[in-house]
Amino acid sequence: MIEIRSLSAKLGGAPVLHDIDATIAPGRVTALVGPNGAGKSTLLAVIGQLLKASAGSVTLDGADLSDMPPPERARRLAILRQNTTITPRLTVADLVGFGRYPHSGGRLDDADLRIVDACLAELDLSALAGRHLDTISGGQRQRALIAMTLAQTPRALLLDEPLNNLDLGHVRRVMEVARTRARAGVAVVVVLHDLSIAARFADALIALKAGRVFAAGRPDEVITGPTLSALYDTPIDVHEVAGSRVVLT
Amino acid sequence: MRARAAIAAGLVVLIAASLFTGVGSITADAEGLWLVAVSRAPRTAAALLAGAGLAVAGVIMQMLARNRFVEPTTAGTAQAAGLGLVVVTLVAPGSALWLKMLAATAAALVGTAGFLAMVRRLPPQEPLLVPLTGLVYGGILGAATTFLAFERDLLQFLDIWMNGEFSGVLLGRYEFLWAAGAASALAFVYAGRFTIAGLGEDASLNLGLRYGQVMALGLALVSVITAVTVVTVGMIPFVGLVVPNIVSRLRGDNLSATLPLVALSGAALVLACDILARLLRYPYEIPVGTVLGVLGAGLFLWLLHGRPAHGRG
């Protein structure tokens, strides 16, 4: 359970988040949505302790994340920012293996290697395990980065636009993996732009607008024509197709 | 690992060659042993320590700056060490060697920290800006050093520090280089952490790395290795650039696995160049810095040219 209380944050001196209150329950995939510049990535980074809050607190299972020692925090929480670029020439297996660093301190034992193999398989990367990152495609690299965060076996998993560069098959795969992790008791937060994907795979939504929570709730509560039209300041229609909501602009 | 075994075998051959290469011939008597103990062995050890150290310093720097085209002599570290050395020589002439070493190390530390602070602001999608900034920055520091040395009539000393050579290495006059060896050995312990730091600040923090501490340690190791080398044998260019880039091509950048190969290759390259330096104009010598300047520049151009098209930088 991630609890966010009266959270504010600034970027380069400018206030970006204002007094955010939210609770993110384990067992669910929570989609973070909203227009460009709403503060989604900033909120994720503040929860993940990559940015400092200017006020308020974030706790994970009751423990304040801001004063947790970094290795301990990394065992409980994993965050992937958008557009992460990796300069060292590593193999896919090396990179995913680094996900075990918070647990192993660098020496991977058999149990660590089994977890790495399982995460590679989950994201359809087993055949690429020995390839260097500079010899695979952008979407494959993105999946390798997601696999690294999975290998951390965290209690909270934060993914900022993880579907960038992914083909439809792997979009589905990543969202299903997120769901599997959530069902296993992980609190999963995913920043998404595609609201139809959010409607189909998320259990809860938090919509941000101009640094504040604009709406929060189940997909059928948030993904409605009037709410989305007001959120994005543009006319949006929501249709029901085969039991799932499809969002049209 | 085959590559590591091959380099190690080559190193043994080079060490033997180094012990027997020089103007005096080695004979199996007291005089021959004395020559080996006082001159040849220390010179060989100095080349190995400096080579291994500079290659390790180069690869650490490349991880910290997240750019594979930097090394101590192209990012102001060596120039800052030289500046520190000139300043301490002016302020406290005749000061002990350890004090000069300390001043050079401190200056290298400040200079490199300045470089890293500068390159953090550069756009990541323009990787070549980083080495360019380093060259300009090093040039400015070097110019300041030359100006000071010129004003105070120290140019001949400067020449010794700026142009690495091993002909002056004798027993009792190179031992500080073992500090570079110790710093390189310490880098092995932290190899995994330096690689993670190379993933960038956010990814490192996500993995629970104490990023600031690892950066500070890397800076300290790079500074000690560079300063000790500059003060003892002078600046040796390109080792820290060429060796890690070739190893990266062949084996990738996971330093936990590749650092031994980096260190061995650096040692082998510098020792081979020193043997060349002794032979090219036999019985005269060329500074090893000059040999490496030519050879290293050629290798570097080849590396730049053969850069794979995407995902690098």
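How each quantity is defined
Going along each chain's sequence as written, the residues are numbered from 1 onward. As they are written, the chains are lettered A onward and the ligands numbered 1 onward, keeping that order. Since the coordinates come from a predicted model, pLDDT governs what is reported: local features require at least 70, and pairs of side-chain atoms require 80 or more to be given and counted, while whole-chain, interface and lining totals use all residues. Side-chain calculation: all heavy atoms of the structure are included, whereas hydrogens and water are not. Whether a set of points on the 1 Å grid over the protein atoms alone is a cavity depends on a 1.4 Å probe fitting there but being unable to get out, while an open set qualifies as a pocket with protein on both sides within 12 Å along at least five of seven lines; lining residues are those with an atom within 4 Å of a point. Grid points are joined across faces, edges and corners, and a volume is the space filled by probe spheres set on the points. A helix here means a DSSP run of H or I that spans at least four residues, while a strand means a run of E at least two residues long, and both kinds are numbered starting from the N terminus. As a working rule, the residues Ala, Val, Leu, Ile, Met, Phe, Trp, Tyr, Cys and Pro are called nonpolar, Asp, Glu, Lys and Arg charged, and the rest polar, with Gly in that last group. In this description, contact between two residues means that some pair of their heavy atoms is separated by no more than 4.5 Å. Here's the idea: put two parts together, see how much 1.4 Å probe accessible area each one loses, and the total over both is what we call buried area. What makes a salt bridge here is a side-chain nitrogen of Lys or Arg within 4 Å of a carboxyl oxygen of Asp or Glu, nothing more. Counting of polar contacts relies on pairs of N or O atoms within 3.5 Å, with two restrictions inside protein: one atom must be capable of donating a hydrogen and the other of accepting it, and residues adjacent in sequence are counted only when both atoms are side-chain atoms. Note on classification: 1.4 Å probe, protein chains only; a residue is buried when its accessible area is under 20% of the maximum for its type, exposed when over 50%, partly exposed between these limits. Here, the term nonpolar core denotes a set of buried Ala, Val, Leu, Ile, Met, Phe, Trp, Tyr and Cys residues that are joined through side-chain atoms within 4.5 Å. Note on method: axes are straight lines fitted to C-alpha atoms, helices fitted across the in-contact stretch only, with angles between N-to-C directions ranging 0 to 180 degrees. For classification, angles of less than 35 degrees are called roughly parallel, those exceeding 145 degrees roughly antiparallel, those between 65 and 115 degrees roughly perpendicular, and all remaining angles oblique. By definition, turning the near helix anticlockwise from the far helix through less than a right angle yields a left-handed crossing, and turning it clockwise yields a right-handed one. Ring pairs shown here join Phe, Tyr and Trp side chains whose ring centres sit within 6.5 Å, with only the six-membered ring taken for Trp; geometry is labelled stacked below 30 degrees between planes, edge-to-face above 60, and tilted in between. DSSP calls a pair of strands paired once it identifies at least 2 bridges connecting them. The quantity called pLDDT is the predictor's confidence in a given residue, expressed from 0 to 100.

Colleague: Is there a simple way to explain empty space enclosed by the protein in this structure?
Modeller: Vacant regions in the atomic arrangement are exposed by a probe of water-molecule size rolled over the atoms. The final tally for this structure, using the stated rule, is 3 cavities of 30 Å³ or more. In this model, the largest cavity occupies a volume close to 110 Å³. Forming the walls of the largest cavity are 13 residues, and the residues nearest its centre are A:Pro88, B:Gln62, B:Met63, B:Arg68 and B:Asp253. Elements with a contribution of two residues or more to the lining of the largest cavity: helix H2 (30-65) and helix H11 (239-251) of chain B. When residues of the lining of the largest cavity are assigned to their parent elements, the largest contribution, 3 residues, is made by H2(B). Its residues assigned to classes, the lining of the largest cavity comprises 4 nonpolar, 6 polar and 3 charged.

Colleague: What is the right way to look at the interface of chain B and chain A in this model?
Modeller: Think of interface size as the accessible area that goes away when the parts come together; that is how it is often given. The interface is formed by 26 residues belonging to chain B together with 29 residues belonging to chain A. On the chain B side of the interface with chain A, the three residues burying the most area are B:Leu199, B:Asn206 and B:Leu207, jointly 27% of the side's total. Joining chain B to chain A, the criterion identifies 1 salt bridge. Among the salt bridges present, the one from B:Asp202 reaches A:Arg81, with a minimum N-O distance of 2.9 Å. Taken together, the connections running from chain B to chain A amount to 11 residue pairs in polar contact (both at pLDDT 80 or more). Sort the elements by how many residues they give to the side of chain B that touches chain A and helix H8 (residues 191-197) of chain B lands first, with 4 residues.

Colleague: What is the right way to look at the environment of A:Gly139 in this model?
Modeller: Residues and elements named next belong to chain A. With respect to the helices, strands and loops of the structure, Gly139 is situated in helix H6 (residues 138-151). A residue is classified by how much of its surface remains accessible, and Gly139, at 10% relative accessible area, is buried. As for Gly139 and Asp167, which are separated by 28 residues in sequence, their C-alpha atoms are 7.5 Å apart. Excluding its chain neighbours within four sequence positions, the residues that come into contact with Gly139 are Asn165 and Leu166.

Colleague: Which parts of the structure should I look at to understand the side chain of B:Thr77?
Modeller: Residue and element names in this part refer to chain B. The residue Thr77 is located in helix H3 (residues 77-91) in this model. We classify Thr77 as buried; its relative accessible area is 0%. Ignoring sequence-local partners within four residues, the contact set of Thr77 consists of Met61, Pro72, Ala108, Thr112, Val222 and Thr226.

Colleague: Looking at this structure, how should I read the environment of B:Ala5?
Modeller: By the secondary structure assignment, B:Ala5 is in helix H1 (residues 2-20). Put simply, B:Ala5 and B:Leu261 are 256 residues apart on the chain and 9.2 Å apart in space, counted from C-alpha to C-alpha.

Colleague: Sorry, what's going on with the nonpolar core here?
Modeller: One broad trend across soluble globular proteins is that nonpolar side chains are buried collectively. Judged by nonpolar contacts, the single largest core of 177 residues is most densely connected at A:Ile2, A:Ile4, B:Phe115 and B:Phe166. Other than its neighbours up to four places away in sequence, B:Phe115 contacts B:Met61, B:Ala65, B:Val70, B:Ala75, B:Val130, B:Thr133, B:Gly134 and B:Tyr137.

Colleague: Got a minute to help me understand the environment of A:Gly130 in this structure?
Modeller: Residues and elements named next belong to chain A. Residue position: Gly130 is located in the loop between helix H5 (110-122) and H6. You can call Gly130 exposed: its relative accessible area is 63%. As for Gly130 and Val92, which are separated by 38 residues in sequence, their C-alpha atoms are 6.2 Å apart.

Colleague: Sorry, what's going on with the packing of H5(A) against H6(A) here?
Modeller: The angle between the axes and the distance between the axes are what describe a pair of packed helices. Residue and element names in this part refer to chain A. Contact pair H5 / H6: the axes reach a minimum separation of 9 Å and the direction vectors enclose 140 degrees. One finds that H5 runs oblique with respect to H6. Handedness of the H5/H6 crossing: right-handed. Of H6, the residues touching H5 (which contributes Ile115, Cys119 and Glu122) are Ala147, Leu150 and Ala151. Looking at the contact of H5 with H6, its residues break down into 5 nonpolar, no polar and 1 charged.

Colleague: I keep staring at the packing of helix H4 (residues 97-119) of chain B against helix H5 (residues 129-151) of chain B and nothing clicks. Help me out?
Modeller: Residues and elements named next belong to chain B. Two elements in contact, H4 and H5, have axes whose closest approach is 10 Å; the angle formed by their N-to-C orientations is 140 degrees. Taken together, H4 and H5 sit at an angle that is classed as oblique. Here H4 runs over H5; the crossing is right-handed. Only Val130, Thr133, Gly134 and Tyr137 of H5 make contact with H4, whose side of the interface consists of Val110, Gly111, Gly114, Phe115, Met118 and Val119. Grouping the constituent residues of the contact of H4 with H5 by class yields 6 nonpolar, 4 polar and no charged.

Colleague: Explain the packing of aromatic side chains here, please?
Modeller: Two measures describe an aromatic ring pair: the distance that separates the ring centres and the angle between the ring planes. Residues and elements named next belong to chain B. According to the stated counting rule, one finds 5 aromatic pairs over all chains in the structure shown. Between the aromatic rings of Phe69 and Phe300, the centroid separation amounts to 6.1 Å while the plane-to-plane angle is 65 degrees, which identifies the pairing as edge-to-face. Residue Phe69 is located in the loop between H2 and H3, and its partner Phe300 is located in helix H13 (residues 288-305); the two are separated by 231 residues in the primary sequence. Owing to a relative accessible area of 4%, Phe69 belongs among the buried residues under this scheme.

Colleague: Where do I start with the pattern of salt bridges in this structure?
Modeller: A side chain with one charge may pair with a side chain of the opposite charge, provided their charged atoms come close. All names here are of chain A. The full count for this structure, using the stated rule, is 19 salt bridges over all chains. A salt bridge links Asp233 to Lys209; the shortest N-O distance between them is 3.1 Å. Here the residue Asp233 occupies a position in the loop between helix H10 (225-232) and strand S11 (237-241), and Lys209 occupies one in strand S9 (residues 204-209), the gap between them amounting to 24 residues. Looking at Asp233, the relative accessible area reads 62%, which means it is exposed.

Colleague: Hey, could you run me through the sheet that holds strand S4 (residues 55-60) of chain A in this one?
Modeller: Where strands meet in a sheet, backbone hydrogen bonds hold them as pairs that are either parallel or antiparallel. Reading across from one edge, S2-S1-S4-S5 (chain A) is the order of the 4 strands in this open sheet, with antiparallel pairing throughout. Of all strands in the sheet, those bounded by a partner on one side alone are strand S2 (14-24) and strand S5 (63-64) of chain A.

Colleague: Even after reading the chapter, I still don't get the confidence of the model for chain B, so can you show me in this structure?
Modeller: Any region with low pLDDT has predicted coordinates that should not be read closely. When pLDDT is averaged along chain B, the result is 91, and 97% of the positions lie at 70 or above. Low pLDDT (under 50) marks residues 309-313 of chain B, which in the prediction has 15 contacts with non-local residues, meaning those over four places away or in another chain.

Colleague: What exactly am I supposed to notice about the pairing of strand S10 (residues 212-217) of chain A here?
Modeller: One face of the sheet, then the other: side chains in a regular strand alternate in exactly this way. All names here are of chain A. The sheet contact formed by S9 and S10 spans 5 bridges and is antiparallel. The residue of S10 that forms the bridge with Lys209 is Arg212. Remark: 2 residues form the turn of the hairpin made by S9 and S10, two consecutive strands paired antiparallel; Ala210 in that turn has positive phi of roughly 50 degrees.

Colleague: Whenever I open this one, the pairing of S9(A) confuses me. Can you help?
Modeller: Residues and elements named next belong to chain A. Taking burial as the measure, the 6 residues of S9 include 5 buried ones, the bulk of the element. Pairing analysis gives 4 bridges linking strand S3 (residues 29-33) to S9, with the strands arranged parallel. The residue bridging Val33 from the neighbouring strand is Ala207, located in S9.

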